[in-house]
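Inside the fold
Next come the chains, spelled out residue by residue.
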Amino acid sequence: MSEISDDAIQKLKKEHNVHYKESLVEEDEAELLIIRSNVYVDLALLSKLPFLKFIIKAGSGIDNIDLDRMKERDVRLFTTPVNAHSVAELALLMILALRKRLGRLNAALKEGNWNAKYEVKGHNLYKSSLGIIGYGNIGRKLSLIANVIGMKILIYDHHPFDSIKQEHASRAKGTFVSLEELLMNSDTVSLHVPLTDGTRYMIDCPQFNLCRPNCILINTARADLVNPTALQEALLEKKIAGLGIDVHYHEPIHRIDALINMDNVLATPHVGSQTVENIELIGERIIDIITMLNNKGDEYYE
Ligand SMILES: NC(=O)C1=CN([C@@H]2O[C@H](COP(=O)(O)OP(=O)(O)OC[C@H]3O[C@@H](n4cnc5c(N)ncnc54)[C@H](O)[C@@H]3O)[C@@H](O)[C@H]2O)C=CC1
Ligand SMILES: O=C(O)C(=O)COP(=O)(O)O
(Lines give C-alpha, C1' and ligand atoms only; values in the text may rest on other atoms or scores of the structure.)
(Ligands and ions follow the chains in the order given, each with its own letter.)
Protein backbone atom coordinates (compact mmCIF):
# COMPACT_ATOMS: atom_id res chain seq x y z
CA MET A 1 0.00 0.00 0.00
CA SER A 2 1.09 3.54 -0.46
CA GLU A 3 -0.30 6.95 0.36
CA ILE A 4 -3.97 6.43 0.96
CA SER A 5 -6.16 8.14 3.57
CA ASP A 6 -5.30 7.47 7.23
CA ASP A 7 -9.00 6.93 8.00
CA ALA A 8 -9.23 4.25 5.33
CA ILE A 9 -6.09 2.53 6.63
CA GLN A 10 -7.45 2.51 10.19
CA LYS A 11 -10.81 1.11 9.01
CA LEU A 12 -9.14 -1.57 6.92
CA LYS A 13 -7.07 -2.68 9.90
CA LYS A 14 -9.93 -2.62 12.42
CA GLU A 15 -12.96 -3.70 10.41
CA HIS A 16 -11.52 -5.73 7.58
CA ASN A 17 -8.68 -7.47 9.30
CA VAL A 18 -6.22 -6.13 6.75
CA HIS A 19 -2.57 -6.53 7.62
CA TYR A 20 -1.14 -3.22 6.47
CA LYS A 21 2.38 -2.76 5.12
CA GLU A 22 3.70 0.62 4.04
CA SER A 23 6.08 -0.72 1.43
CA LEU A 24 7.31 -3.88 -0.18
CA VAL A 25 10.95 -4.79 0.09
CA GLU A 26 11.14 -8.49 -0.55
CA GLU A 27 8.87 -11.40 -1.39
CA ASP A 28 5.53 -11.04 0.32
CA GLU A 29 2.44 -13.20 0.81
CA ALA A 30 0.01 -10.34 0.12
CA GLU A 31 -3.12 -11.15 -1.92
CA LEU A 32 -4.08 -7.52 -2.44
CA LEU A 33 -1.95 -4.59 -3.57
CA ILE A 34 -3.15 -0.99 -3.36
CA ILE A 35 -1.12 1.45 -5.42
CA ARG A 36 -1.07 4.97 -6.71
CA SER A 37 0.58 6.22 -9.90
CA ASN A 38 4.12 6.07 -8.52
CA VAL A 39 4.31 2.28 -8.23
CA TYR A 40 5.16 0.29 -11.37
CA VAL A 41 3.52 -3.09 -11.54
CA ASP A 42 5.88 -5.05 -13.75
CA LEU A 43 7.29 -8.54 -13.83
CA ALA A 44 9.84 -7.69 -11.11
CA LEU A 45 7.14 -6.52 -8.69
CA LEU A 46 4.74 -9.33 -9.55
CA SER A 47 7.41 -11.93 -8.94
CA LYS A 48 7.73 -10.64 -5.36
CA LEU A 49 4.02 -11.31 -4.86
CA PRO A 50 3.37 -14.97 -5.71
CA PHE A 51 -0.05 -14.98 -3.95
CA LEU A 52 -1.33 -11.73 -5.45
CA LYS A 53 -4.98 -11.87 -6.60
CA PHE A 54 -6.13 -8.24 -6.73
CA ILE A 55 -4.71 -4.81 -7.43
CA ILE A 56 -6.58 -1.65 -6.50
CA LYS A 57 -5.30 1.43 -8.34
CA ALA A 58 -6.19 4.31 -6.01
CA GLY A 59 -7.00 6.63 -8.91
CA SER A 60 -7.74 6.41 -12.63
CA GLY A 61 -4.68 6.01 -14.87
CA ILE A 62 -3.39 2.46 -15.28
CA ASP A 63 -0.37 3.17 -17.48
CA ASN A 64 1.88 2.16 -14.57
CA ILE A 65 0.57 -1.40 -14.72
CA ASP A 66 1.79 -4.06 -17.14
CA LEU A 67 -1.66 -5.38 -17.97
CA ASP A 68 -0.36 -8.37 -19.97
CA ARG A 69 1.79 -9.64 -17.09
CA MET A 70 -1.09 -9.02 -14.71
CA LYS A 71 -3.50 -11.05 -16.86
CA GLU A 72 -0.95 -13.84 -17.27
CA ARG A 73 -0.91 -14.10 -13.49
CA ASP A 74 -4.74 -13.92 -13.37
CA VAL A 75 -4.63 -10.85 -11.14
CA ARG A 76 -7.75 -8.65 -11.23
CA LEU A 77 -7.63 -4.88 -11.35
CA PHE A 78 -9.94 -2.32 -9.76
CA THR A 79 -9.70 1.47 -10.09
CA THR A 80 -11.27 4.31 -8.12
CA PRO A 81 -12.04 6.92 -10.77
CA VAL A 82 -13.54 9.57 -8.47
CA ASN A 83 -11.25 12.44 -9.38
CA ALA A 84 -13.02 14.00 -12.37
CA HIS A 85 -14.09 17.13 -10.47
CA SER A 86 -10.68 17.85 -8.98
CA VAL A 87 -8.73 17.29 -12.22
CA ALA A 88 -11.21 19.32 -14.28
CA GLU A 89 -10.94 22.10 -11.69
CA LEU A 90 -7.14 22.01 -11.90
CA ALA A 91 -7.28 22.20 -15.69
CA LEU A 92 -9.60 25.20 -15.40
CA LEU A 93 -7.29 26.83 -12.86
CA MET A 94 -4.37 26.43 -15.25
CA ILE A 95 -6.35 27.82 -18.18
CA LEU A 96 -7.43 30.85 -16.13
CA ALA A 97 -3.99 31.47 -14.62
CA LEU A 98 -2.23 31.30 -17.99
CA ARG A 99 -4.85 33.30 -19.90
CA LYS A 100 -5.03 36.00 -17.19
CA ARG A 101 -1.22 35.91 -16.80
CA LEU A 102 -1.64 35.54 -13.07
CA GLY A 103 1.98 34.56 -12.33
CA ARG A 104 3.44 37.65 -14.02
CA LEU A 105 0.87 40.06 -12.51
CA ASN A 106 1.25 38.67 -9.01
CA ALA A 107 5.06 38.76 -9.19
CA ALA A 108 5.04 42.29 -10.64
CA LEU A 109 2.86 43.73 -7.91
CA LYS A 110 4.97 42.08 -5.22
CA GLU A 111 7.90 43.99 -6.73
CA GLY A 112 5.86 47.21 -6.60
CA ASN A 113 5.42 47.36 -10.38
CA TRP A 114 1.94 48.83 -10.93
CA ASN A 115 2.79 49.33 -14.61
CA ALA A 116 2.12 45.63 -15.08
CA LYS A 117 -1.51 46.76 -15.41
CA TYR A 118 -0.56 48.25 -18.79
CA GLU A 119 2.30 45.95 -19.77
CA VAL A 120 0.88 42.49 -19.06
CA LYS A 121 -2.53 41.99 -20.62
CA GLY A 122 -4.61 38.87 -20.15
CA HIS A 123 -7.46 37.43 -22.22
CA ASN A 124 -11.12 36.60 -21.68
CA LEU A 125 -12.07 32.95 -21.66
CA TYR A 126 -15.56 34.03 -22.71
CA LYS A 127 -16.00 33.28 -26.42
CA SER A 128 -12.55 31.68 -26.68
CA SER A 129 -12.34 28.10 -27.93
CA LEU A 130 -11.40 25.09 -25.80
CA GLY A 131 -10.33 21.85 -27.47
CA ILE A 132 -10.80 18.82 -25.24
CA ILE A 133 -8.87 15.72 -26.30
CA GLY A 134 -10.42 12.67 -24.62
CA TYR A 135 -14.07 12.97 -23.61
CA GLY A 136 -14.16 10.63 -20.63
CA ASN A 137 -14.94 11.44 -16.99
CA ILE A 138 -12.56 14.40 -16.75
CA GLY A 139 -12.97 15.83 -20.26
CA ARG A 140 -16.76 15.81 -19.86
CA LYS A 141 -16.64 17.63 -16.51
CA LEU A 142 -14.33 20.26 -17.93
CA SER A 143 -16.65 20.82 -20.89
CA LEU A 144 -19.63 21.50 -18.63
CA ILE A 145 -17.69 24.02 -16.54
CA ALA A 146 -16.20 25.73 -19.60
CA ASN A 147 -19.61 26.02 -21.23
CA VAL A 148 -20.89 27.96 -18.20
CA ILE A 149 -17.99 30.39 -18.66
CA GLY A 150 -19.02 30.88 -22.29
CA MET A 151 -16.18 29.02 -23.97
CA LYS A 152 -16.77 27.33 -27.31
CA ILE A 153 -16.09 23.62 -26.92
CA LEU A 154 -14.45 21.36 -29.51
CA ILE A 155 -14.04 17.68 -28.69
CA TYR A 156 -11.86 14.90 -30.06
CA ASP A 157 -12.40 11.33 -28.84
CA HIS A 158 -11.84 8.11 -30.74
CA HIS A 159 -15.17 6.70 -29.52
CA PRO A 160 -17.51 9.68 -29.75
CA PHE A 161 -20.77 7.84 -30.32
CA ASP A 162 -21.64 6.56 -26.87
CA SER A 163 -24.76 8.07 -25.39
CA ILE A 164 -23.10 9.59 -22.28
CA LYS A 165 -20.61 11.47 -24.47
CA GLN A 166 -23.30 12.63 -26.88
CA GLU A 167 -25.52 13.79 -24.02
CA HIS A 168 -22.69 15.71 -22.31
CA ALA A 169 -21.53 17.26 -25.57
CA SER A 170 -25.03 18.49 -26.19
CA ARG A 171 -25.31 19.94 -22.64
CA ALA A 172 -21.91 21.64 -23.05
CA LYS A 173 -22.80 22.84 -26.57
CA GLY A 174 -19.68 21.00 -27.71
CA THR A 175 -18.89 19.78 -31.22
CA PHE A 176 -17.01 16.56 -32.04
CA VAL A 177 -14.26 17.24 -34.56
CA SER A 178 -11.11 15.55 -35.88
CA LEU A 179 -7.86 16.02 -33.97
CA GLU A 180 -6.55 18.24 -36.76
CA GLU A 181 -9.63 20.48 -36.73
CA LEU A 182 -9.43 20.74 -32.96
CA LEU A 183 -5.77 21.79 -32.99
CA MET A 184 -6.31 24.35 -35.76
CA ASN A 185 -9.29 25.99 -34.08
CA SER A 186 -8.57 25.97 -30.34
CA ASP A 187 -7.24 28.80 -28.17
CA THR A 188 -6.74 26.24 -25.42
CA VAL A 189 -6.09 22.52 -25.86
CA SER A 190 -6.59 20.28 -22.80
CA LEU A 191 -5.48 16.63 -22.78
CA HIS A 192 -7.68 14.02 -21.08
CA VAL A 193 -6.83 10.71 -22.77
CA PRO A 194 -5.11 7.81 -20.99
CA LEU A 195 -1.49 7.02 -21.87
CA THR A 196 -1.50 3.93 -24.10
CA ASP A 197 0.51 2.71 -27.09
CA GLY A 198 -2.06 4.55 -29.23
CA THR A 199 -1.79 7.92 -27.43
CA ARG A 200 1.95 8.11 -26.62
CA TYR A 201 3.32 11.24 -28.35
CA MET A 202 -0.06 11.95 -29.97
CA ILE A 203 1.02 15.59 -29.75
CA ASP A 204 4.26 15.85 -31.70
CA CYS A 205 5.83 18.29 -34.23
CA PRO A 206 3.11 17.94 -36.91
CA GLN A 207 0.41 18.56 -34.30
CA PHE A 208 2.19 21.63 -32.87
CA ASN A 209 2.50 22.96 -36.42
CA LEU A 210 -1.29 23.02 -36.62
CA CYS A 211 -1.76 24.98 -33.38
CA ARG A 212 -2.62 28.67 -33.23
CA PRO A 213 0.32 30.73 -31.92
CA ASN A 214 -1.91 32.02 -29.11
CA CYS A 215 -2.81 28.45 -28.07
CA ILE A 216 -2.09 27.22 -24.57
CA LEU A 217 -1.71 23.50 -23.91
CA ILE A 218 -2.92 22.00 -20.65
CA ASN A 219 -1.69 18.56 -19.66
CA THR A 220 -3.16 17.07 -16.50
CA ALA A 221 -3.25 13.58 -18.04
CA ARG A 222 0.21 12.09 -18.67
CA ALA A 223 3.45 13.75 -19.82
CA ASP A 224 4.20 11.17 -22.51
CA LEU A 225 1.11 12.10 -24.50
CA VAL A 226 3.38 14.89 -25.77
CA ASN A 227 6.82 14.45 -27.35
CA PRO A 228 9.10 16.40 -24.96
CA THR A 229 11.47 17.59 -27.68
CA ALA A 230 8.61 18.87 -29.82
CA LEU A 231 7.08 20.51 -26.75
CA GLN A 232 10.26 22.44 -25.83
CA GLU A 233 10.62 23.51 -29.43
CA ALA A 234 6.98 24.60 -29.68
CA LEU A 235 7.37 26.77 -26.57
CA LEU A 236 10.76 28.21 -27.58
CA GLU A 237 9.68 28.93 -31.16
CA LYS A 238 6.31 30.29 -29.97
CA LYS A 239 4.29 27.78 -31.95
CA ILE A 240 2.14 27.84 -28.81
CA ALA A 241 1.82 30.58 -26.18
CA GLY A 242 2.00 28.58 -22.97
CA LEU A 243 1.80 25.30 -21.12
CA GLY A 244 0.03 24.21 -17.96
CA ILE A 245 1.40 20.89 -16.77
CA ASP A 246 0.62 18.71 -13.75
CA VAL A 247 2.22 15.49 -14.98
CA HIS A 248 5.91 15.11 -15.71
CA TYR A 249 8.35 13.06 -17.77
CA HIS A 250 10.25 11.93 -14.68
CA GLU A 251 8.36 11.99 -11.42
CA PRO A 252 9.19 13.03 -8.76
CA ILE A 253 11.13 16.14 -9.79
CA HIS A 254 13.68 17.20 -7.19
CA ARG A 255 15.85 19.54 -9.24
CA ILE A 256 15.46 22.57 -11.47
CA ASP A 257 13.84 21.42 -14.69
CA ALA A 258 14.41 23.34 -17.93
CA LEU A 259 10.85 22.92 -19.17
CA ILE A 260 9.22 23.91 -15.93
CA ASN A 261 11.53 26.87 -15.58
CA MET A 262 10.37 28.45 -18.83
CA ASP A 263 8.50 31.74 -18.53
CA ASN A 264 5.32 30.61 -20.21
CA VAL A 265 5.03 27.36 -18.26
CA LEU A 266 2.85 26.82 -15.20
CA ALA A 267 3.56 23.58 -13.39
CA THR A 268 2.25 21.66 -10.39
CA PRO A 269 3.64 18.45 -8.81
CA HIS A 270 0.98 15.94 -10.00
CA VAL A 271 -1.76 17.22 -7.70
CA GLY A 272 -4.78 16.68 -9.96
CA SER A 273 -6.15 14.09 -7.61
CA GLN A 274 -4.49 15.31 -4.44
CA THR A 275 -7.31 17.18 -2.71
CA VAL A 276 -8.48 16.54 0.84
CA GLU A 277 -11.91 15.46 -0.41
CA ASN A 278 -10.54 13.18 -3.11
CA ILE A 279 -8.17 11.34 -0.81
CA GLU A 280 -11.12 10.60 1.50
CA LEU A 281 -13.34 9.56 -1.41
CA ILE A 282 -10.68 7.24 -2.81
CA GLY A 283 -10.24 5.72 0.67
CA GLU A 284 -14.00 5.08 0.82
CA ARG A 285 -13.97 3.45 -2.62
CA ILE A 286 -11.09 1.19 -1.59
CA ILE A 287 -13.10 0.05 1.43
CA ASP A 288 -16.15 -0.57 -0.80
CA ILE A 289 -14.07 -2.74 -3.12
CA ILE A 290 -12.54 -4.73 -0.26
CA THR A 291 -15.98 -5.19 1.33
CA MET A 292 -17.32 -6.44 -1.99
CA LEU A 293 -14.39 -8.84 -2.37
CA ASN A 294 -14.86 -10.17 1.16
CA ASN A 295 -18.60 -10.66 0.54
CA LYS A 296 -18.05 -12.43 -2.75
CA GLY A 297 -15.60 -14.76 -1.03
CA ASP A 298 -14.79 -17.86 -3.07
CA GLU A 299 -16.40 -16.53 -6.24
CA TYR A 300 -13.22 -14.57 -6.79
CA TYR A 301 -10.92 -17.38 -5.80
CA GLU A 302 -11.97 -20.05 -8.33
N1 LIG B 1 -3.28 14.68 -12.83
C2 LIG B 1 -3.85 13.73 -12.10
O3 LIG B 1 -3.65 13.64 -10.90
C4 LIG B 1 -4.77 12.76 -12.75
C5 LIG B 1 -4.58 12.39 -14.05
N6 LIG B 1 -5.43 11.50 -14.64
C7 LIG B 1 -5.20 11.14 -16.04
O8 LIG B 1 -6.31 11.53 -16.80
C9 LIG B 1 -6.62 10.47 -17.72
C10 LIG B 1 -8.06 10.56 -18.13
O11 LIG B 1 -8.89 10.25 -17.03
P12 LIG B 1 -10.46 9.96 -17.20
O13 LIG B 1 -11.13 11.10 -17.85
O14 LIG B 1 -10.95 9.52 -15.87
O15 LIG B 1 -10.42 8.72 -18.20
P16 LIG B 1 -11.60 8.08 -19.01
O17 LIG B 1 -11.21 6.68 -19.29
O18 LIG B 1 -12.91 8.34 -18.34
O19 LIG B 1 -11.60 8.90 -20.40
C20 LIG B 1 -10.60 8.78 -21.35
C21 LIG B 1 -11.20 9.13 -22.71
O22 LIG B 1 -10.15 9.12 -23.67
C23 LIG B 1 -10.64 8.52 -24.85
N24 LIG B 1 -9.51 7.96 -25.61
C25 LIG B 1 -8.74 6.90 -25.28
N26 LIG B 1 -7.80 6.69 -26.23
C27 LIG B 1 -7.99 7.64 -27.17
C28 LIG B 1 -7.35 7.95 -28.39
N29 LIG B 1 -6.31 7.21 -28.85
N30 LIG B 1 -7.79 8.99 -29.11
C31 LIG B 1 -8.84 9.72 -28.66
N32 LIG B 1 -9.51 9.48 -27.52
C33 LIG B 1 -9.08 8.45 -26.77
C34 LIG B 1 -11.61 7.45 -24.38
O35 LIG B 1 -12.55 7.12 -25.40
C36 LIG B 1 -12.27 8.14 -23.19
O37 LIG B 1 -13.43 8.84 -23.58
C38 LIG B 1 -6.23 9.20 -16.94
O39 LIG B 1 -5.97 8.11 -17.81
C40 LIG B 1 -4.99 9.64 -16.21
O41 LIG B 1 -3.86 9.42 -17.01
C42 LIG B 1 -6.50 10.96 -13.96
C43 LIG B 1 -6.71 11.30 -12.66
C44 LIG B 1 -5.85 12.19 -11.92
O1 LIG C 1 -5.24 8.57 -10.75
C2 LIG C 1 -4.44 8.98 -11.59
O3 LIG C 1 -4.41 8.59 -12.77
C4 LIG C 1 -3.46 9.99 -11.21
O5 LIG C 1 -2.77 10.51 -12.05
C6 LIG C 1 -3.30 10.32 -9.79
O7 LIG C 1 -1.97 10.07 -9.52
P8 LIG C 1 -1.41 9.97 -8.01
O9 LIG C 1 -2.02 8.78 -7.43
O10 LIG C 1 -1.79 11.25 -7.34
O11 LIG C 1 0.06 9.83 -8.19
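Residues numbered from 1 in each chain as written. Chains lettered and ligands numbered in written order. Predicted model: local features only at pLDDT ≥ 70, side-chain atom pairs only at ≥ 80, totals over all residues. Heavy atoms only, no water.

Structurally, the protein chain comprises domain 1 (6-82 + 275-301) and domain 2 (84-267). Just the C-alpha atoms count here: the centres of domain 1 and domain 2 sit 32 Å apart. Put simply, domain 1 and domain 2 have one salt bridge between them. Note that Asp63 and Arg222 form a salt bridge whose closest N and O atoms lie 2.9 Å from each other. A breakdown of the residues in the side of domain 1 that touches domain 2 according to their chemical character gives two nonpolar, four polar and two charged. (Domains from an automatic or database assignment. Salt bridge = Lys/Arg side-chain N within 4 Å of Asp/Glu carboxyl O. Nonpolar A, V, L, I, M, F, W, Y, C, P; charged D, E, K, R; others polar.)

Within the secondary structure, Ala241 is located in the loop between helix 11 (228-236) and strand 9 (242-245). Separated by 142 residues in sequence, Ala241 and Arg99 place their C-alpha atoms 9.6 Å apart. (Helix = DSSP H or I, 4+ residues; strand = E, 2+ residues; numbered from the N terminus.)

The subject of this paragraph is the site of ligand 2. Neighbouring residues of ligand 2: Arg36, Ser37, Lys57, Gly59, Ser60, Gly61, Asn83, Arg222, His270 and Ser273. The contact in question runs from an oxygen atom of ligand 2 to an N or O atom on the side chain of Ser37, over 2.8 Å. Here Arg222 contributes a side-chain N or O atom positioned 2.8 Å from an oxygen atom of ligand 2. Calculation on ligand 2 without its partners gives an accessible area of 310 Å², and the protein chains cover 88% of this total. Among the residues forming the shell around ligand 2, the class breakdown is no nonpolar, seven polar and three charged. (Near = heavy atom within 4 Å. Polar contact = N/O pair within 3.5 Å; in protein donor to acceptor, adjacent residues only side chain to side chain. Areas by Shrake-Rupley, 256 points an atom, 1.4 Å probe, with all protein chains shown as cover.)

On to the UniProt feature "domain: D-isomer specific 2-hydroxyacid dehydrogenase catalytic" (unreviewed entry) in the protein chain. The positions UniProt marks with the feature "domain: D-isomer specific 2-hydroxyacid dehydrogenase catalytic" (unreviewed entry) are residues 3-282. Each end of residues 3-282 is marked by a C-alpha atom, and these two atoms are 11 Å apart; helix forms 36% of the span and strand 14%. (UniProt positions renumbered as here; feature names shortened; annotations may be inferred.)

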